[in-house]
There are 2 protein chains.
Amino acid sequence: MADNKKMVEEITSRDVDFAQWYTDIVKKAELADYSSVRGCMIIRPYGYALWENIKAELDRRFKATGHENVYMPMLIPESLLQKEKDHVEGFAPEVAWVTHGGTEKLAERLCVRPTSETIFCDHYKDIIHSYRDLPKLYNQWCSVMRWEKTTRPFLRTAEFLWQEGHTMHATAEEALDETIQMLNIYASFSEEFLAIPVIKGRKTDKEKFAGAEVTYTMEAMMHDGKALQSGTSHYFGNGFAKAFGVEFTDKDNTLKNPYETSWGLSTRIIGAIIMVHGDDNGLVLPPMIAPTQVMVIPIQQHKEGVEDKAREILGNISAFCRAKIDLSDKTPGWKFSECEMKGIPLRLEIGPKDIAENKCVLVRRDTREKYFVPLSELEKKIPEILADIQRSLYENAKESLYSRIYDAQTMDEVKDLAADKPGFIRAMWCGDLECEMKMKEEAGLTSRCMPFDTEPIGDTCVCCGKKAKELVIWGKAY
Amino acid sequence: MADNKKMVEEITSRDVDFAQWYTDIVKKAELADYSSVRGCMIIRPYGYALWENIKAELDRRFKATGHENVYMPMLIPESLLQKEKDHVEGFAPEVAWVTHGGTEKLAERLCVRPTSETIFCDHYKDIIHSYRDLPKLYNQWCSVMRWEKTTRPFLRTAEFLWQEGHTMHATAEEALDETIQMLNIYASFSEEFLAIPVIKGRKTDKEKFAGAEVTYTMEAMMHDGKALQSGTSHYFGNGFAKAFGVEFTDKDNTLKNPYETSWGLSTRIIGAIIMVHGDDNGLVLPPMIAPTQVMVIPIQQHKEGVEDKAREILGNISAFCRAKIDLSDKTPGWKFSECEMKGIPLRLEIGPKDIAENKCVLVRRDTREKYFVPLSELEKKIPEILADIQRSLYENAKESLYSRIYDAQTMDEVKDLAADKPGFIRAMWCGDLECEMKMKEEAGLTSRCMPFDTEPIGDTCVCCGKKAKELVIWGKAY
């Protein structure tokens, strides 16, 4: 196991330097790499396979709720971006501008889309005329660009991949229902598929999306106690529709502006998978998202019959799980270590002794538990263990989240918790921006959300002592 | 059928004005729309569903041959683009330049990728070190941008969607095999899945990709006899690898540059589907690519039991085909016409009389043939008819292609054919650029390809009379 150890030693421990641990995993599990382009990452095959799985499952859920995919231009004319005041103020400072086509200077600058509300509205104005044309439930999978100063792979990059849903509805109520429906789809996807528990709630005015009336969010807690905003869903009222002249004739024969939503989830979520489940040996992937669920590793593969048997097993188990075989000339120890680094949920070891006894060894990535399993029972045992890993990763993450949410009644409590206890803090808030700013300045905390279905834990604002309006979850955030 | 007629009248006949017919279909079948961004189109749900089907099937074929998907930055620094001389000369005049990020002027201009050879090579230099790292078989699905002057939806747009494969190999032979393998995948995909026959061959030096040693192409013939280059596969030798410093230590312990290929197929292929199969009633889709294969249309749907029965049939047939139901309040005639416009391969009509007799009516989009089918036989009959439509569209397209390839021995014959007979012209060529240019100037023809496995049809160049080197297929092209 000497070389196994060597590979492991190259990763920083996550409790020594979490940021460095994160970067090490991204590099060594070959998820992403830096590029020559400032702030832009290369998503490598293993990282992209994760995104493909995320995409397939979310897309299935979107289509099951009646959404259709489209593709809109990646460039947006400056004049379109400027049509909604709050929106342009929020995004103009961080867009990349195209000013020349070939050798010609353009008459109007075009920005690389940071998000596509404007261009969707511009299209909706052409295709929505009657209540019969509503709702429009469009989504697109694409890349967007925000000219960020400091960047980290997946978490914050100038360019990232995402999906953005943009819908139009005849009534405000229907649009609000859609906003909540999509947040719920994100949350159940995250919990069931990624084994990441989330807290759902509403953003404060300060934290909401530029141009939105309401922003809903799901917030996940990373291993270091910090929050990651993992998916957001926005309600716009009919503000954008008015600004862009989107109108329809309703059943009562009057002209109205439709109500709009948008919602997005990005490659950022891969950062959450890493930071919620990973450990000091590398990535740990929930089986439902893992590109490879079982890696078959032959032991003493040069001995007669071993490679053949290993291939035979691969063929058999491929009927019920995503399996691969490692027939390279590396040592088994090295292969084990690579499997761990890549977070493959189960490894299957098969050597001459096992073959003689018609069994093999299964080793779980999460607990390292070993199972000696007769070959005839693999079809039953592998799906069982994979399901147990999925369940157990979720339970652990849930325990890790809920055991680190603390209540605070005074600013001193807030500051003590912020200094000593990584995690989220629940505290009452009066609703004033001033107090929200003070939480940032004095305790380094931002409001993550005003969670749904929660009882107040006091009457007064933890910051100013005035009457409290909202229970807020505060935290340090990525 | 009055309203049916009305909708049909709005399309130009394809034999009156093919270009206008094409534009009408794109609009009326709701495949794409124009946007506020010069030269960029909006791909609407129905058009995007076609692209999703193309993507899924091609991606399956790429993965089955060992390729992996990645994602590279969409912006390329000017200095990277300039590393390979021929490449930059070919692309620099038609790229969009990003010069500002937010309010800051960038130190170096970045172009929106027109293609990604340069950025792949820049990455390959970091991850290829040993023969063990080869081959690298990467592909990406993305959008690219080429600042075209005149644009038409799908056929030529500033931005378009495509996939671009970029592979690196230890030997020239292996890279050449890959180039041919990928061309063959494109061609069999086109013929089996899109029912579009193609001619495979090599491009002349004038027509090859900027920076490539060899470009292979598949050329399809549209209804008007013009050619559409529908997929290309390039062999680069090790020129790019040298320019970018990509090196590996081979088994013999010497340092070598690997050999490269790239290959791409784009949303342009949707233009081919329209122009090969469509007719004066609209789009005609091969069943394998059709988002909806069967549309269920209830007749006298207000009568008791009709809607229920139609829904029941939809449920049953959905087990073996992609089916939808039209329960809108439009007239049946209008619905038939919409089905035709959208090229849905089969429509299924069910009314009170049919229900009484336990049967329904199936109508083929391609031949308009009607079948009266007992409901109990739908499971057998629908797949049979769909397969027959697929086969028959392919056979018709093949007949249309091969009956319009003409041989020419003299320049006069070439000119007469070019003027009178829409289609391809086979003629011998000496290999000189001058004669290739003359074919363009005097007959309006470009070299489409030097087809594989073809016997020469003469000894002398049709243009200059000197010794001929190659049989070339000439044509007018999109």
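Here the structure is a predicted model, which means the values were calculated and not measured. (Residues numbered from 1 in each chain as written. Chains lettered and ligands numbered in written order. Predicted model: local features only at pLDDT ≥ 70, side-chain atom pairs only at ≥ 80, totals over all residues. Heavy atoms only, no water.)

A. Examining the overall build of chain A more closely. Along the backbone of chain A there are 15 helices and 23 strands. Relative to the globule expectation of 23 Å for 478 residues, the C-alpha radius of gyration of chain A, 25 Å, shows essentially globular dimensions. When its C-alpha atoms are laid out on the principal axes, chain A stretches across 80 × 55 × 50 Å. By the burial criterion, 60% of the 478 residues in chain A qualify as buried. In chain A, the share of contacts with a sequence separation of at least 24, taken over all contacts with a separation of at least 6, comes to 69%. (Helix = DSSP H or I, 4+ residues; strand = E, 2+ residues; numbered from the N terminus. Rg over C-alpha atoms; globule rule 2.2 N^0.38 Å. Buried < 20%, exposed > 50% of the residue type's maximum accessible area, 1.4 Å probe, protein only. Contact = heavy atoms within 4.5 Å.)

B. Local environment of the pairing of strand S6 (residues 104–112) of chain A. All names here are of chain A. Taken together, the three bridges between strand S4 (residues 75–77) and S6 define a ladder with antiparallel strand orientation. What sits directly across from Ile76, in S6, is Cys111. Relative to S6, strand S5 (residues 96–101) runs antiparallel, the two being bridged by four bridges. Bridge pairing links Gly101 to Glu104 in S6. (Pairing = 2+ DSSP bridges.)

C. The arrangement of the pairing of strand S17 (residues 346–350) of chain B in detail. Residue and element names in this part refer to chain B. With five of its five residues buried, S17 lies for the most part within the structure. Neither face of S17 is left uncovered, since the one carrying Leu346, Leu348 and Ile350 and the one carrying Arg347 and Glu349 both have all their residues buried. Pairing of strand S15 (residues 294–298) with S17, which is carried by five bridges, proceeds in the parallel orientation. Across the sheet, Val294 pairs through a bridge with Leu346, a residue of S17. Pairing geometry for S17 and strand S18 (residues 359–364), over four bridges, is antiparallel.

D. Structural view of the sheet that holds strand S18 (residues 359–364) of chain A. Residues and elements named next belong to chain A. Here we have five strands laid out as an open sheet, ordered S16-S15-S17-S18-S19, and mixed in their pairing. Every other strand in the sheet has two partners, leaving strand S16 (323–325) and strand S19 (370–374) as the edge strands with one partner each. Looking at each pair of strands side by side, their axes are set apart by 25° on average, direction ignored. Strand contacts of helix H11 (residues 332–341): strand S15 (294–298) and strand S17 (346–350), with the helix running at about 175° to S15, the strand carrying the most contacts. With respect to the sheet, helix H13 (residues 378–402) is in contact with S15, S17, S18 and S19, its orientation differing from that of S18 by roughly 10°. (Axes fitted to C-alpha atoms, helices over the stretch in contact; angles between N-to-C directions.)

E. Expanded view of helix H9 (residues 268–277) of chain A. Of all 10 residues making up H9 of chain A, 10 are buried, and the element is well covered by its neighbours. Structurally, H9 of chain A contributes buried residues whose contacts are with helix H2 (18–28), helix H3 (45–64), strand S10 (214–221), strand S11 (227–237), strand S14 (259–266) and H13 of chain A.

F. Examining a negative patch on the surface more closely. Among the surface-exposed residues, Asp412, Glu413, Asp416 and Asp420 of chain A lie close enough to one another that they form a single negatively charged patch. Within the secondary structure layout, Asp420 of chain A lies in helix H14 (residues 411–420). (Patch = residues over 30% accessible without salt bridge, like charges linked within 9 Å, V, L, I, M, F, W, Y side chains within 5 Å. Areas by Shrake-Rupley, 256 points an atom, 1.4 Å probe, with all protein chains shown as cover. Salt bridge = Lys/Arg side-chain N within 4 Å of Asp/Glu carboxyl O. Lys, Arg positive; Asp, Glu negative; His and termini not counted. Charge placed at Lys NZ, Arg CZ, Asp CG, Glu CD.)

G. Fine view of helix H9 (residues 268–277) of chain B. Three or more residues of H9 of chain B are buried, namely Arg268, Ile269, Ile270, Gly271, Ala272, Ile273, Ile274, Met275, Val276 and His277 of chain B. Considering only its buried residues, H9 of chain B is in contact with helix H2 (18–28), helix H3 (45–64), strand S10 (214–221), strand S11 (227–237), strand S14 (259–266) and helix H13 (378–402) of chain B.

H. Seen up close, the relation of the copies chain B and chain A. When chain B is fitted to chain A, the residual RMSD is 0.0 Å, and the transformation amounts to a turn of 180° plus an axial shift of 0.0 Å. Such values leave the two copies arranged in the relation of a two-fold axis. Across chain B, the rotation axis passes nearest the C-alpha of Val98 of chain B, at a separation of 2.1 Å. Most of the interface of chain B is mirrored in chain A, where 100% of its interface residues again form contacts. (Least-squares fit on C-alpha atoms with pLDDT ≥ 70 in both.)

I. Main features of the side chain of Asp250 of chain A. Following the sequence through the fold, Asp250 of chain A ends up in the loop between strand S12 (248–249) and strand S13 (255–256). Among the residues examined, Asp250 of chain A registers a relative accessible area of 14% and is labelled buried.

J. Quick peek at the packing of H2 of chain A against H9 of chain A. Residues and elements named next belong to chain A. Close contact between H2 and H9 brings their axes to 11 Å; oriented N to C, the two are set at 115°. As H2 packs across H9, the resulting crossing turns out to be right-handed. Two secondary-structure elements touch here, H2 through Phe18, Trp21, Tyr22, Ile25 and Val26 and H9 through Gly271, Ile274 and Met275. Across the contact of H2 with H9, the residue classes break down as seven nonpolar, one polar and no charged. (Left-handed = near helix turned anticlockwise from the far one by under 90°. Nonpolar A, V, L, I, M, F, W, Y, C, P; charged D, E, K, R; others polar.)

K. Fine view of the interface of chain B and chain A. Contact with chain B, which involves 53 residues of that partner, is made by 53 residues of chain A. When chain B packs against chain A, the two sides together hide about 4,300 Å² of surface, and 60% of this comes from carbon and sulfur. It is Pro45, Tyr71 and Met74 of chain B in chain B that bury the most area against chain A; as a group they hold 15% of the surface buried on that side. Asp329 of chain B is the partner of Arg132 of chain A in a salt bridge, and the nearest nitrogen-oxygen pair spans 4.0 Å. Linking chain B with chain A are 21 residue pairs in polar contact (both at pLDDT 80 or more), by the criterion used here. In the side of chain B that touches chain A, the residues fall into 30 nonpolar, nine polar and 14 charged. Looking at chain direction, S5 of chain A and strand S5 (residues 96–101) of chain B are connected through five bridges and run antiparallel. Considered in S5 of chain B, the bridge of Trp97 of chain A is made with His100 of chain B. (Buried area = accessible area lost by both parts, 1.4 Å probe. Polar contact = N/O pair within 3.5 Å; in protein donor to acceptor, adjacent residues only side chain to side chain.)

L. Region of interest: the side chain of Thr217 of chain B. Residue and element names in this part refer to chain B. Residue position: Thr217 is located in strand S10. Under the relative-accessibility criterion, Thr217 is labelled buried at 0%. Among the polar contacts listed, one links the side chain of Thr217 to the side chain of Glu219, at a separation of 2.8 Å. Not counting residues up to four positions away in its chain, the partners in contact with Thr217 are Leu183, Ile199, Lys200, Gly201, Lys203, Gln229, Gly231, Thr232, Arg448 and Cys449.

M. A look at empty space enclosed by the protein. Residues and elements named next belong to chain B. Going through the model one piece at a time under the given rule, you end up with five cavities of 30 Å³ or more. Of the pockets and cavities examined, the largest cavity occupies roughly 50 Å³. Every residue along the wall of the largest cavity is listed here: Phe336, Cys339, Glu340, Ile344, Leu346, Arg347, Val363, Arg364 and Arg365. Elements represented by at least two residues in the lining of the largest cavity include exactly helix H11 (332–341), S17 and S18. Here the element with the most residues in the lining of the largest cavity is H11; it accounts for three residues. (1 Å grid on protein atoms, 1.4 Å probe; cavity = no way out; pocket = protein on both sides within 12 Å on 5 of 7 lines; lining within 4 Å. Points joined across faces, edges and corners; volume = space filled by probe spheres on them.)

This is a description of form; function is not addressed.
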